[in-house]
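Next come the chains, spelled out residue by residue.
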Amino acid sequence: MLETSSDKPFNLLWTGGWESTFRLMQLTLHEKRVVQPYYIVSTGRISLPNELRTMKLIREQLLQFDRVTQKLILPTRYPL
């Protein structure tokens, strides 16, 4: 079993931008916390496709860097 500093997932609003990605990396790579990412879909948001693509790429890159992140970053939720 993976030991983390908290059993409860940390809820994170993630856009793929600098600030939210930094926090995701800090929580998973440094603090070894389980993170539940959320992304609010807004169809009027022009950056939507780019943000989704960037988050996918970041997740893939983190997994290559540190395999433990696969267990620490839960699937992104897209609330209505």
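Details of the structure are given in the entry above.
For every chain, the first residue of the written sequence is number 1, and numbering continues from 1 onward in sequence order. Predicted model: local features are reported for residues with pLDDT of at least 70 only, side-chain atom pairs are reported and counted for 80 or more only, and whole-chain, interface and lining totals are derived from all residues. To obtain the side-chain values, all non-hydrogen atoms of the structure were used and water was disregarded.

**Q** Is there a simple way to explain the packing of aromatic side chains in this structure?
**A** Geometrically, a pair of aromatic rings is defined through the distance of the ring centres and the angle of the planes. The rule is short: rings of Phe, Tyr and Trp, with Trp giving its six-membered ring, pair when the centres are within 6.5 Å, and they are stacked under 30 degrees, edge-to-face over 60, tilted in between. Across all of its chains, the model carries two aromatic pairs by this definition. A ring pair is formed by Trp18 and Phe22, whose centres lie 5.7 Å apart and whose planes are at 40°; its orientation type is tilted. Separated by four residues within a single helix, Trp18 and Phe22 lie in helix α1 (residues 18–30), roughly one turn from each other. Working definition: with a 1.4 Å probe on protein chains only, accessible area under 20% of the residue-type maximum means buried, over 50% means exposed, and in between means partly exposed. Judged by relative accessible area, Trp18 falls into the exposed class, the value being 63%. A ring pair is formed by Tyr39 and Tyr78, whose centres lie 6.3 Å apart and whose planes are at 70°; its orientation type is edge-to-face. A residue pair is termed long-range when its members are at least 10 positions apart, and Tyr39 in the loop between β2 (35–38) and α2 (48–65) and Tyr78 in the segment after α3 (69–72) qualify at 39 residues. The helix count covers DSSP runs of H or I at least four residues long, the strand count covers runs of E at least two residues long, and both are numbered beginning at the N terminus.

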